[in-house]
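Each chain, written out:
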Amino acid sequence: MKKRSLIQKSIYAVITIFAVLVFNYLLFRVLPGDPLSMMMRNPKATPEMIEGMRQLFGLDQPWYVQLYLYFKNLLAGDLGMSFYFKQPVSSVIGARIMPTIIMVGLAEVVAIFAGIIIGLIAAWKRGTRIDVATLGFSLVTYSMPTFWLGMVIVVVFSVNLHLFPTSGILTPGMTYQTTGAMVADYIRHLILPTLTMSIVLIGEYALTMRNTLTDVLSEDYITTAKAKGFDNKYILRKHALPNAMLPMVTLIAINLGLVVGGTVQVETVFSWPGLGSLMYEALRARDYPLLQGVFLLVTVSVVVANFIADITYSYIDPRVKE
Amino acid sequence: MHYKEFRYRKLKEFFRAVKNNKMALFGSVTLMFFLLVAVFGPILMPFSTLDFGNVEDILLPPSGDHLLGTDDMGRDILANLISGSRISLLIGIMATLISMIIGCVIGIVSGYFGKRIDQLLMRFTDFFLVIPWLPLMMVLAAVLGTNIWNIIFVIGITSWAGTARIVRAQTLSVKERQFVERTISLGAGSKHIMLHHILPNVFPLVFANTVLVASIAIVSETTLSFLGLGDPSQASWGMMLHYAFESGAASAGAYWYYLPPGFCVVAVVLSFTLMGYAFDEILNPKLKGR
């Protein structure tokens, strides 16, 4: 990639993050009611906490001082106190990051593998029933609210079939003899949320795989390979697949927005103690500092991930023109 | 690009390959059905939905009296579904309207004036494209408060960015055409050109996009309501699912409670998607023959 476009992209990413920060600042200050009165609506907010907020964010000072303090606190990692958990927002968030990464990471891996295989079969058997079924599956999962899919899965697999626990991360009150037993319990809890999240993603990945593979298969170099007498499987594996995989990189980045939205819903349905359910809890408790903190973290992560994907893509695919 | 639209594009490619007009037909018939139910709902409704039932009416499975059973308040589910269709469709359509207006104004202004204005507006658009939609809507709805108009506003204000991009691209090509040049030489002002010459030419594309945005809006409403951000006084499908989950009725196995609203959402969203495809093919001649 040209150095100039790299610099330009970096500047754009920084501007976007800055805009997110300012948006976050304005959201709770410009809209009707000042942040303090909004926080006072929360019965859990004690007078000391509100006084603490006033001090921390300089809420009795002019706006430019407030903006300065906001950025200063942000750089120091100080996001204020959570009313609900009565702890600093940053430590509440910190405790919730790992479960989300494990669940979402696993779901992504499952979805990518399944998506590639399904897309491959659909592209290979173009126009057959399998192909149409892939389209149907994609359409239906596209139209389905994620939380509802989760509800259906809970009822079928936990309530009716008693195969997996309905919610949580570990069985409450359970004492484990070995670490292995604990890990096994953790995995039992992990399966259903991961399954739900994967189903949401598979349709998308399968579609992309199928379409790009169809395009790639009509390229001249595939015809050349066929003319050379390679067998179909070899061509598919060595010539078509590597090229068809490229758009997946962009797709995973573009999908992050969907994944974040899906995480909130899936974690809420399964009470999986990650960032998504934390956002829901903050919302229920009208815990504004916490809500703001999670929103900020999630949004900045998505912007950064998109930026990284953008750059990676132009490195691995030299055909990308600026 | 909004990831939903990204996926939609790929769905379209797929459609083109499958070439199944039955799908488009299915979409329009289903959508018509739901629209008719929504409009004539009060005539069809066998029960007054807001009437709470007696204790013995709570969570009854489907029967002759209650075709789809009752909810945790003893209300008839079918009646709730019918009245919910009005609210869900109303929110979806109104939010789409807001989104379309914002998208068209920003897209046309950006494409027509170009240069600095274009750069500024497109940065602004990118900002809305990159921010994950659900957290953004959650935060906005939480701050604004939960009533039906705020929900419509929140969905509308967060879903216009894809439209603005499409409209801008189309405006760029339309403004280079000769008739625009002629109109300028006849002394027409920018406002006149944008409103009378560019908008009508951009419209076919916008129309197909509208249908797609409507499907996103309906899923958004359902999700926001489920998360407790819906209007408690307006029992949309999303609110029904919210109560089914919160009351524990869903995990207690009351399938008649949580399945029907979900099926309705899927059917409507699916129909919108299928219709969007059909519109695209009819109104956007570029796609023909591909």
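The shown structure was predicted, so the numbers you read here are calculated from the model rather than taken from an experiment.

Calculation notes
Residues numbered from 1 in each chain as written. Chains lettered and ligands numbered in written order. Predicted model: local features only at pLDDT ≥ 70, side-chain atom pairs only at ≥ 80, totals over all residues. Helix = DSSP H or I, 4+ residues; strand = E, 2+ residues; numbered from the N terminus. Buried ≥ 20, exposed ≤ 12 C-beta atoms within 10 Å, placed from the backbone. Contact = placed C-beta atoms within 7 Å. Expected span 1.5 Å × (residues − 1). Nonpolar A, V, L, I, M, F, W, Y, C, P; charged D, E, K, R; others polar. Bend = angle between axes of the 7 residues up to and from the residue. Axes fitted to C-alpha atoms, helices over the stretch in contact; angles between N-to-C directions. Parallel < 35°, antiparallel > 145°, perpendicular 65-115°, else oblique. Core = buried A, V, L, I, M, F, W, Y, C linked by C-beta atoms within 7 Å. Left-handed = near helix turned anticlockwise from the far one by under 90°.

**What about the overall build of chain B?**
Within chain B, the regular secondary structure consists of eleven helices and zero strands. Taken from N to C terminus, the helices and strands of chain B fall in the order α-α-α-α-α-α-α-α-α-α-α. Within chain B, the proportion of its 290 residues that are buried is 49%. Taking the contacts inside chain B whose residues are at least 6 apart along the sequence as the reference set, 71% of them involve residues at least 24 apart.

**Some points on helix α5 (residues 133-144) of chain B**
The end-to-end C-alpha distance of α5(B) is 16 Å, a good match for the 16 Å that twelve residues give at a rise of 1.5 Å each. The element α5(B) is largely enclosed, with a buried count of eleven among its twelve residues. Those residues of α5(B) that sit buried are Trp133(B), Leu134(B), Pro135(B), Leu136(B), Met137(B), Met138(B), Val139(B), Leu140(B), Ala141(B), Ala142(B) and Val143(B). At its buried positions, α5(B) is contacted by α1 (3-27), α11 (246-270), α12 (275-284) and α13 (288-316) of chain A together with α6 (148-158) and α9 (190-229) of chain B. Just past α5(B), the residue Gly145(B) takes up positive phi, approximately 100°.

**Focus: unusual backbone geometry**
Residue and element names in this part refer to chain A. Positive phi outside glycine occurs at Lys86, with the angle close to 50°. Within the secondary structure, Lys86 sits in the loop between β1 (81-82) and β2 (87-88). Classification of Lys86 as exposed rests on a count of 11 C-beta atoms within 10 Å. The backbone phi angle of Ser271 is positive, close to 45°, even though this residue is not glycine. Inspection of the secondary structure assignment puts Ser271 in the loop between α11 and α12. The exposure class of Ser271 is partly exposed, given the 17 C-beta atoms found within 10 Å.

**Details of the interface of chain B and chain A**
Counting residues at the interface gives 43 residues for chain B, matched by 48 residues for chain A. Counting residues per element, the ones that place at least two in the side of chain B that touches chain A are α1 (3-18), α4 (115-130), α5, α9, α10 (237-246) and α11 (255-283) of chain B. No other element matches α1(B), which puts nine residues into the side of chain B that touches chain A. Each residue belonging to the side of chain B that touches chain A can be placed in one class, and the counts come to 31 nonpolar, seven polar and five charged.

**Examining helix α7 (residues 146-160) of chain A**
All names here are of chain A. For α7, built from 15 residues, the straight-helix expectation of 21 Å at 1.5 Å per residue is met to within 8% by its first-to-last C-alpha distance of 20 Å. At Val154, α7 is bent by approximately 25°, the largest bend along its length. Looking at the residues trailing α7, positive phi occurs at His162, about 50°.

**Description of the packing of α11(A) against α12(A)**
Packed helices, taken two at a time, are described by their axes: the angle between them and the distance between them. Residue and element names in this part refer to chain A. Look at α11 against α12: their axes get within 7 Å of each other, and the N-to-C directions meet at 80°. Classed by the angle they form, the pair α11 and α12 counts as roughly perpendicular. Here Thr263, Val264, Val266, Glu267 and Thr268 of α11 come into contact with α12, specifically with Leu275, Gly276, Ser277, Met279 and Tyr280. Looking at the contact of α11 with α12 residue by residue, the classes come out as five nonpolar, four polar and one charged.

**Looking at the nonpolar core**
Core analysis: the largest hydrophobic core is formed by 148 residues, its most contacted members being Met279(A), Leu291(A), Val294(A), Met137(B) and Met138(B). Those residues in contact with Met137(B) that sit more than four places away from it in its chain are Val154(B), Ile155(B), Thr158(B), Ser220(B) and Leu224(B).

**Focus: the environment of Asp215(A)**
Within the secondary structure, Asp215(A) is located in helix α8 (residues 179-217). Spatially, the C-alpha atoms of Asp215(A) and Ala123(A) are 9.5 Å apart, while their sequence positions differ by 92 residues.

**Concerning the environment of Ser198(A)**
All names here are of chain A. Among the secondary structure elements, Ser198 is positioned in helix α8. Measuring from C-alpha to C-alpha, the distance between Ser198 and Ile93 comes to 24 Å, with 105 residues separating the pair along the chain. Discounting chain neighbours no more than four positions away, the residues touching Ser198 are Ala107, Val110, Ala111 and Ala114.

**Concerning the packing of helix α3 (residues 77-113) of chain B against α6(B)**
Residue and element names in this part refer to chain B. Two numbers describe how α3 lies on α6: the axes approach to 8 Å, and their chain directions differ by 45°. Overall, the two elements α3 and α6 adopt an arrangement that is oblique. The hand of the α3/α6 crossing is right-handed. Between α3, through Ile91, Met94, Ala95, Ile98 and Ser99, and α6, the contact on the second element is made entirely by Ile148, Ile151, Ile152, Phe153, Ile155, Gly156 and Ile157. Residues belonging to the contact of α3 with α6 are distributed by class as follows: ten nonpolar, two polar and no charged.

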